[in-house]
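Remarks on the overall topology
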Amino acid sequence: MTDLSPSGTLSRPSTAYAQTGPDGGKVGTSVLLRYGTGQLGAQVFRDTPAVLLPLFMTTMLGVEAWLAGLVVLIPKLWLIACDPLVGAWSDRVRKLYGRTPFLVGGAILTSLGFVALFTLTESASPMVSAALTCLLFFLASTAFSMFSVPYLAIAATLSPDPHERTRIMIFRMIFSTFGVLVGVGVAQPMIYWLGGGEHGWTVMALTLGAVCLVTMLVTAIGLARVPMIEDDSVQGSLLSQLKVIGTNKPYLILVLTCLIQNIGQASGYTVIGFVFLYALQAVWIIPAFILVMSIAGIAAQPLWFTLSRRWGKEKTYVFASAMWTAVTVSWYWMAPATDEIMTLPGVGVLGTQHLLVLVRGALIGISNAAFIMLALSMLTDTIDFQRRRAGTANEGVFAGLFSAIEKLSFALGPVIAGLVMSAFGFVSSKGGAVEQTPHAITGILLLYSLIPAALQVVSLIVFSRYRIAKD
């Protein structure tokens, strides 16, 4: 389908591929549900180790904070190469087998790896424990690539309609929110409800590992026979395929924007457990916080969909990002509650600081759900842009590189967090949490507020250069 001009540049192709989309581009609710479900388990694997693995290593295995950051970084560095390779591989075999084998294998191995991270890493030496954790995270992350890269690529092939692709990402975002609710809102409190020791961590790992397995297999098996847009993959080396991507400026701008943005978010995710444990001194409020954030995020999705159609995805994205930044800055002034205002059934006695945390949670949920969903929707637009101008688009390679950059950012975040925490005097321990100095708590708050907010502003400056042709 692709024609090359004498100069070697891609000529404008026929748009006949658009007619191959299912039902003229309309995606049924059943397909949306089957696609979105897998993101619940994927989000659990993405968030729970990011949030709890540093806490697990520093409070249960005796690993220093800076070393815990490196343990997370090393596997992510490998994924910079692994994700595009998986994407290219899935592109090559999709004509014969589709992407189902990758999704099924990735779902099973990712779940096993998740459980192993929190159950098979203890040893007499913190250094050995760190090495074991690094190895297991390396293997589990590789398995996750087998699922996450083809999973993201599929979104660009379910419909040629850009607004339908936004609907697809809305469903993905809804299940992503459920994943945050489970992976962040339930995981840490579950550990403490079960005593906070080895038993608590083991039960958490087994429970959430099962959630990953079931939900990811729903998507892997449920999409096996769903019709999708088909075109001929560009053959050749991975390097030659990446060179083609290098000509897609909207994609490159979007990737750089998300890289900067996600580094800041990852720094915050890394210390969320520390924030509620040390800064707010109210771990028990995490389920309510995540629940409020989740409900607000899901409820706001119709609004963001309407605004994206009215304003355009780009303007809506900037508005949501600015809103998130303003709320994130305010976390810097969080402190333990010193008063009692009301008693909330099922939660407990709430003070002013507790209520402010819940209000912030609602606002974060509303804004966060928008700019993440829209970034993924714009990713499918850049892939569609490639297909419209060249007649073909290797979705797997595009998705693989995007996924690799995302995972790199979520690896750099813990490294930044570990360095800042160490610089501010955070004290690691083995067997449980210990008291921290006010200076160490300040470092934790910086990582949850001003640092990610500043990086979000930088990312919006980069995003101001994003332009994509509609025709």
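Residues numbered from 1 in each chain as written. Predicted model: local features only at pLDDT ≥ 70, side-chain atom pairs only at ≥ 80, totals over all residues. Heavy atoms only, no water.

**Digging into the overall build of the protein**
To be explicit about the condition: Put simply, DSSP H or I for four residues or longer makes a helix, DSSP E for two residues or longer makes a strand, and each gets a number counted from the N terminus. C-alpha atoms define the radius of gyration, and 2.2 Å times the number of residues to the power 0.38 defines the globule rule. The buried label goes to any residue with under 20% of its type's maximum accessible area, the exposed label to any with over 50%, and the partly exposed label to all in between, with areas taken from a 1.4 Å probe on protein chains only. Two residues qualify as a contact provided that any one of their heavy atoms is within 4.5 Å of a heavy atom in the partner residue. Methods summary: accessible areas were calculated by the Shrake-Rupley approach with a probe of 1.4 Å, and residue burial reflects only the protein chains presented.
Counting secondary structure elements, the protein contains 15 helices and two strands. Expected size for 471 residues packed as a compact globule is a radius of gyration near 23 Å; at 22 Å, the protein falls within 12% of this value. Projected onto its principal axes, the C-alpha positions of the protein cover 70 × 45 × 40 Å. The burial tally for the protein puts 60% of its 471 residues in the buried class. For the protein, the share of sequence-separated contacts (at least 6 apart) that also reach a separation of at least 24 residues comes to 84%. Summed over all atoms, the accessible surface of the protein reaches about 17700 Å², with 70% contributed by carbon and sulfur.

**Considerations on the packing of aromatic side chains**
Note the following rule: Pairing of aromatic rings covers Phe, Tyr and the six-membered ring of Trp, with a centre-to-centre limit of 6.5 Å; geometry is then stacked below 30 degrees between planes, edge-to-face above 60, and tilted otherwise. By definition here, charges over rings are those cases where NZ of Lys or CZ of Arg is within 6 Å of the ring centre and within 35 degrees of the ring normal.
What the rule picks out here adds up to 25 aromatic pairs. Geometrically, the ring pair formed by Phe 56 and Phe 118 is edge-to-face, given 5.4 Å between the ring centres and 70° between the ring planes. Taken together, the positions of Phe 56 in helix α1 (residues 29-59) and Phe 118 in helix α3 (residues 100-119) put the pair 62 residues apart, joining distant regions of the chain. Each of the two residues, Phe 56 as well as Phe 118, counts as buried. Every member of this aromatic cluster is reached through a ring pair, and the members are Tyr 317, Trp 324, Phe 371, Phe 463 and Tyr 466. Stacked on the ring of Trp 331, the Lys or Arg Arg 360 has its end atom at 4.9 Å from the ring centre.

**Structural notes on the pattern of salt bridges**
What counts is decided by this rule: A carboxyl oxygen of Asp or Glu within 4 Å of a side-chain nitrogen of Lys or Arg is what we treat as a salt bridge.
Applying the stated criterion across every chain, the model contains 12 salt bridges. Across the pair Arg 46 and Glu 406 runs a salt bridge, and its minimum N-O distance is 3.6 Å. Placement of the pair is Arg 46 in helix α1 and Glu 406 in helix α13 (residues 395-423), with a sequence separation of 360 residues. For Glu 406, a relative accessible area of 22% corresponds to the partly exposed category. Here Glu 395 makes a salt bridge to Arg 387, at a shortest N to O gap of 2.3 Å. Here Glu 395 matches Arg 387 in class, with each residue buried. Here the salt bridges do not stand alone but share partners, grouping Asp 91, Arg 99, Arg 165, Lys 313, Asp 381, Asp 384, Arg 387, Arg 388 and Glu 395 into one network.

**Here we look at a nonpolar patch on the surface**
Cut-off, in case you're wondering: Each patch is built from residues that are more than 30% exposed by relative accessible area and take part in no salt bridge. Like charges join if they lie within 9 Å; nonpolar side chains (Val, Leu, Ile, Met, Phe, Trp, Tyr) join within 5 Å.
A contiguous nonpolar surface patch, about 490 Å² in accessible area, is contributed by Ile 108, Leu 109, Leu 112, Leu 213, Val 214 and Val 218. The set of elements that each furnish at least two residues to the nonpolar patch consists of α3 and α6 (198-222). Mapped onto the elements, Ile 108 comes out in helix α3. The class of Ile 108 is partly exposed, set by a relative accessible area of 38%.

**Looking at the side chain of Asp 47**
The condition is simple: N or O atoms within 3.5 Å of each other form a polar contact, as long as, within protein, one can give a hydrogen and the other can take it, and as long as residues adjacent in sequence are counted only when both atoms are side-chain atoms.
Its place among the elements puts Asp 47 in helix α1. A polar atom in the side chain of Asp 47 sits 3.3 Å from the side chain of Arg 46. When near neighbours in sequence (up to four residues on either side) are disregarded, Asp 47 contacts Val 180, Val 184 and Tyr 269.

**Description of the side chain of Thr 121**
Mapped onto the elements of the fold, Thr 121 is located in the loop between α3 and α4 (126-155). A distance of 3.2 Å separates a polar side-chain atom of Thr 121 from the backbone oxygen of Leu 117. Ignoring anything within four residues of it in the chain, the contact list for Thr 121 reads Phe 56, Leu 61, Ala 116, Ser 129, Leu 132, Thr 133 and Leu 136.

**Notes on the environment of Phe 274**
Within the secondary structure, Phe 274 is located in helix α8 (residues 249-279). Of the residues examined, Phe 274 reaches a relative accessible area of 1% and is grouped as buried.

**A few points about the confidence of the model for the protein**
Counted only if it meets this: For every residue, the pLDDT score states the predictor's confidence, bounded by 0 at the bottom and 100 at the top.
In the predicted model, the protein carries a mean pLDDT of 86, and the fraction of residues at 70 or more is 91%. This model gives residues 1-22 a pLDDT under 50, and the stretch forms 39 contacts once residues within four places in sequence are excluded.

**Overview of the nonpolar core**
Spelled out, the test is: In plain words, nonpolar cores are sets of buried Ala, Val, Leu, Ile, Met, Phe, Trp, Tyr and Cys residues tied together by side-chain atoms within 4.5 Å.
By size, the foremost hydrophobic cluster in this structure holds 142 residues, and its most contacted members are Phe 118, Met 204 and Phe 289. Of the residues forming this core, the biggest block, 15 residues, is contributed by α8. Here Met 204 is in contact with Thr 48, Leu 52, Phe 114, Phe 118, Ala 187, Met 190 and Ile 191, once residues within four sequence places are set aside.

**Some remarks on helix α5 (residues 162-193)**
Here is the rule we go by: The span one expects for a helix is its residue count, reduced by one, times 1.5 Å. Bend, in this description, refers to the angle at a residue between axes fitted to the seven residues ending there and the seven starting there.
Taking 1.5 Å per residue as the helical rise, α5 with its 32 residues ought to reach 46 Å, and the 45 Å between its terminal C-alpha atoms agrees with that figure. At Val 186, α5 shows its strongest bend, of approximately 35°, with the proline Pro 189 following within four residues. The buried fraction of α5 amounts to 24 of the 32 residues, a majority that puts the element mostly inside the structure. For α5, the N-terminal capping position is held by Asp 161, with its side-chain oxygen 2.8 Å away from the main-chain nitrogen of His 163. Of the residues one or two after α5, Gly 195 is the one with positive phi, at around 105°.

**So, the packing of helix α10 (residues 301-311) against helix α12 (residues 352-390)**
Convention followed: An axis is simply a line fitted to the C-alpha atoms; with a helix, the fit covers only the stretch in contact. Between two such axes, the angle follows the N-to-C directions and lies from 0 to 180 degrees. When an angle is under 35 degrees it counts as roughly parallel; over 145 it counts as roughly antiparallel; between 65 and 115 it counts as roughly perpendicular; any other value is oblique. By convention, the crossing between two helices is left-handed when the near helix turns anticlockwise from the far helix through less than a right angle, and right-handed when the turn is clockwise.
Here α10 crosses α12 at 50°, and the two axes come no closer than 10 Å. Put simply, α10 runs oblique to α12. Note on packing geometry: the crossing formed by α10 with α12 is right-handed. On α12, the residues that touch Gln 301, Trp 304 and Ser 308 of α10 are Ile 366, Ser 367, Ala 369, Ala 370, Met 373 and Leu 374.

**Digging into unusual backbone geometry**
Here Gln 281, not a glycine, exhibits a phi torsion of approximately 55°, which is positive. Note on placement: Gln 281 falls in the loop between α8 and α9 (286-299).

**A short note on helix α15 (residues 450-463)**
Because the α-helix completes a turn every 3.6 residues, residues three or four places apart line up on one side. Spanning 14 residues, α15 covers 20 Å between terminal C-alpha atoms, matching the ideal 20 Å at 1.5 Å per step. Three or more residues of α15 are buried, namely Pro 452, Ala 453, Gln 456, Ser 459, Leu 460, Val 462 and Phe 463. Taken together, the buried residues of α15 touch α8, α11 (313-329), α12 and α14 (438-448).

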